[in-house]
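The primary structure of each chain is shown beneath.
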Amino acid sequence: MELYFRDNFFNAGYTEIMNPNQEQAGHLDLKSVFGSSLDVSDNSGLVCSGKFRMLTNRWDITAADGRHLGVLRARFSFFSKKYEYDAGSRGTYDVSAPAFSQEYDISGSGGRIVANFRRTSGWFSSGAFVLDNQSEQLDTYELIAVVMGVHAINKRRNSAASSGGAT
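Residues numbered from 1 in each chain as written. Predicted model: local features only at pLDDT ≥ 70, side-chain atom pairs only at ≥ 80, totals over all residues. Heavy atoms only, no water.

## Focus on the overall build of the protein chain
Then step 1. Scanning the protein chain from terminus to terminus reveals 1 helix and 12 strands.
Then step 2. Starting at the N terminus, the α and β elements of the protein chain follow one another as β-β-β-β-β-β-β-β-β-β-β-β-α.
Then step 3. For the protein chain, with 167 residues in total, the buried portion stands at 41%.
Then step 4. Once local pairs closer than 6 in sequence are excluded, the contacts in the protein chain between residues at least 24 apart make up 28%.
Then step 5. Of the roughly 9400 Å² that the protein chain leaves accessible, carbon and sulfur atoms contribute 51%. (Helix = DSSP H or I, 4+ residues; strand = E, 2+ residues; numbered from the N terminus. Buried < 20%, exposed > 50% of the residue type's maximum accessible area, 1.4 Å probe, protein only. Contact = heavy atoms within 4.5 Å. Areas by Shrake-Rupley, 256 points an atom, 1.4 Å probe, with all protein chains shown as cover.)

As structure tokens, this is what we get:
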């Protein structure tokens with residue numbers, strides 16, 4: 001299933017999730033200007049939520065009923081962007097992209113690609129993404145929370161890098 005969604009410039013408010021026919025397929029509720037938490041809803045209601053763990057760079061994803069679905073974390077890599085999504089009993093997935101690319105693959109056991117996403121927005125605009133999910137284990141709306149987690153981790157890294165060099 002292919003879906004389109006985006007961040008807001010100030011990380012707050014509602015944004016639509018659209019299908020390829022430009023019909024609304026849900027929405028993101030970006031919770032706060034000062035934090036990075038969100039709710040992902042389909043047309044029936046809340047599906048899952050994502051937020052950073054207290055004092056860490058780990059992105060937790062929980063189901064609407066509060067069950068823990070998984071945790072996303074950055075992996076160290078010199079020449080590519082690498083993340084790991086631990087979905088508990090459903091497996092551990094690698095999320096990766098070449099160094100300067102905005103196209104990511106999500107692969108499961110044996111390196112089989114189960115989904116991919118890419119950033120479709122420009123350099124100075126807020127993040128807009130398209131996700132194509134072929135996984136039988138991971139829900140598309142859960143993967144939207146994973147994509148937004150990757151985006152939030154990247155924004156934190158960029159913010160730390162830009163503020164760390166100023167003296």
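## Considering unusual backbone geometry
Then step 1. Unusually for a residue other than glycine, glutamine 22 sits at a positive phi of about 60 degrees.
Then step 2. If you trace the backbone, glutamine 22 turns up in the loop between strand 2 (12-18) and strand 3 (24-31).
Then step 3. For glutamine 22, a relative accessible area of 68% puts it in the exposed group.
Then step 4. Even without being a glycine, leucine 55 presents a positive backbone phi close to 60 degrees.

## Let's talk about the side chain of glutamate 84
Then step 1. Locating glutamate 84 in the fold gives a position in strand 8 (residues 80-86).
Then step 2. At 2.8 Å, the side chain of glutamate 84 forms a polar contact with the side chain of arginine 75.
Then step 3. Sequence-distant contacts of glutamate 84, defined by excluding residues within four places in its chain, comprise Val71, Leu72, Arg73, Arg75, Thr92 and Tyr93. (Polar contact = N/O pair within 3.5 Å; in protein donor to acceptor, adjacent residues only side chain to side chain.)

## Observations concerning the pattern of salt bridges
Then step 1. This structure, assessed with the given rule, holds 8 salt bridges.
Then step 2. Note that arginine 73 is salt-bridged to glutamate 84, the shortest N-O span being 3.3 Å. Within this pair, whereas arginine 73 is found in strand 7 (residues 68-75), its partner glutamate 84 is found in strand 8, the two being separated by 11 residues in sequence.
Then step 3. Classification of glutamate 84 as buried rests on a relative accessible area of 15%.
Then step 4. Glutamate 142 is the salt-bridge partner of arginine 90, the closest N and O atoms lying 2.8 Å from each other. With arginine 90 in the loop between strand 8 and strand 9 (92-98) and glutamate 142 in helix 1 (residues 140-164), the pair connects residues that are 52 residues apart, well separated along the chain.
Then step 5. Each of the salt bridges in this network shares a partner with another, and the network as a whole consists of Asp29, Lys31 and Asp39. (Salt bridge = Lys/Arg side-chain N within 4 Å of Asp/Glu carboxyl O.)

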